[in-house]
Amino acid sequence: MSQTSQGTKDSVALNQWYAVATLTDLDRMEETKLLGHPITIGPGKSVMHNGKPLPIREKFECLWTTLGAPNTEIFEIEERFEPERRVVTCGWVTMRASGLRVVENFLDMAHFPFVHTDILGSEPHAEVPVYKSEIRRNVDEVWATNCTFFQPQMTTARPEANSPN
């Protein structure tokens, strides 16, 4: 991916939709970056880049935008229509990694015991159970199915940090 201090120029990356804010968090203006490009979010349902408004969509309780011209709409999650499902917004996680590296990390569970020791894995449980990964060209997606792994802890937060007291 081509990248400069001005942000990526890669048309594949630019022509995607990205969630940039939770709809309940649009009461103030925030300056941030999207693919290395400076953007301003809000206040309200607006996203600006270099003083120009960007296209926006609302989906999954988030505000989405793009720096390019996507030829598809935002993906769908069919389960969200099931009556027993509910949306729980719980903040954002900053990831300083390329999209391909993030996908690779989700597909390669073998690194869990060594990189995420005692959280997502542990060395005595380093064996990766068989799972399936495939590229589904009809929907242009990478799928990993039947994934299981020993996970001793679900978060690095101290247990008392999650206590209601």
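Everything in this summary refers to the structure shown in the same document. Bear in mind the structure is a predicted one, so any value in this text is a computation, not a measurement.

What counts and what doesn't
- Residues numbered from 1 in each chain as written.
- Predicted model: local features only at pLDDT ≥ 70, side-chain atom pairs only at ≥ 80, totals over all residues.
- Heavy atoms only, no water.
- Helix = DSSP H or I, 4+ residues; strand = E, 2+ residues; numbered from the N terminus.
- Contact = heavy atoms within 4.5 Å.
- Buried < 20%, exposed > 50% of the residue type's maximum accessible area, 1.4 Å probe, protein only.
- Core = buried A, V, L, I, M, F, W, Y, C linked by side-chain atoms within 4.5 Å.
- Pairing = 2+ DSSP bridges.
- Axes fitted to C-alpha atoms, helices over the stretch in contact; angles between N-to-C directions.
- Patch = residues over 30% accessible without salt bridge, like charges linked within 9 Å, V, L, I, M, F, W, Y side chains within 5 Å.
- Areas by Shrake-Rupley, 256 points an atom, 1.4 Å probe, with all protein chains shown as cover.
- Salt bridge = Lys/Arg side-chain N within 4 Å of Asp/Glu carboxyl O.
- Phe/Tyr/Trp six-rings, centres within 6.5 Å; stacked < 30°, edge-to-face > 60°.
- Lys NZ or Arg CZ within 6 Å of the ring centre and 35° of its normal.

**Quick notes on the environment of Leu 23**
Structurally, Leu 23 can be placed in the loop between strand E3 (18-22) and strand E4 (30-34). Considered as a pair, Leu 23 and Cys 62 are 39 residues apart in the sequence and their alpha carbons are 5.0 Å apart. Setting aside anything within four residues of it in sequence, one finds Leu 23 in contact with Lys 45, Glu 58, Glu 61, Cys 62 and Leu 63.

**A word on the side chain of His 37**
Within the secondary structure, His 37 is located in strand E5 (residues 37-41). Owing to a relative accessible area of 12%, His 37 belongs among the buried residues under this scheme.

**Quick notes on the nonpolar core**
Note on soluble globular proteins: their nonpolar side chains tend to be buried together. Core analysis: the largest hydrophobic core is formed by 11 residues, namely Leu 14, Val 20, Ala 21, Leu 26, Leu 34, Ile 39, Ile 41, Val 47, Leu 54, Leu 63 and Leu 67. Counting residues in each nonpolar core, the second largest holds 5 residues, with Trp 17, Phe 60, Trp 64 and Ile 74 among its members.

**Brief notes about the sheet that holds strand E9 (residues 62-65)**
Pairing within the open sheet is antiparallel, and its 3 strands lie in the order E3-E9-E8. Either end of the sheet is taken by a strand with one partner, and the two such strands are E3 and strand E8 (56-59). Geometrically, the sheet is characterised by an average inter-axis angle of 35° between neighbouring strands, direction not taken into account.

**Quick look at a nonpolar patch on the surface**
Judged by side-chain polarity, Val 103, Ile 135 and Val 142 come together as a nonpolar surface patch covering roughly 250 Å² of accessible area. Looking at the element boundaries, Val 142 is found in strand E11 (residues 141-145). Relative accessible area serves as the criterion here: at 47%, Val 142 is assigned to the partly exposed category.

**A look at the sheet that holds strand E6 (residues 47-49)**
Across a sheet, paired strands are connected by hydrogen bonds in the backbone, their directions being either parallel or antiparallel. Judged by pairing direction, the sheet is antiparallel, and its 4 strands sit side by side in the order E4-E5-E6-E7 without closing on themselves. Sheet topology places E4 and strand E7 (52-53) at the edges, where each strand pairs with a single neighbour. Direction of pairing for E5 relative to E6: antiparallel, over a ladder of 2 bridges. Note that in E6 the partner of Ile 41 across the bridge is Val 47.

**What to know about the packing of aromatic side chains**
If you walk through the whole model with that rule in mind, you get 4 aromatic pairs. With a centroid separation of 6.2 Å and an interplanar angle of 65°, the aromatic rings of Phe 60 and Trp 64 are classed as edge-to-face. We note that Phe 60, like Trp 64, is buried. Cluster of aromatic residues (ring-pair linked, three or more members): Phe 60, Trp 64 and Phe 75. The lysine or arginine in question, Arg 136, covers the ring of Trp 143, its NZ or CZ lying 3.7 Å from the ring centre.

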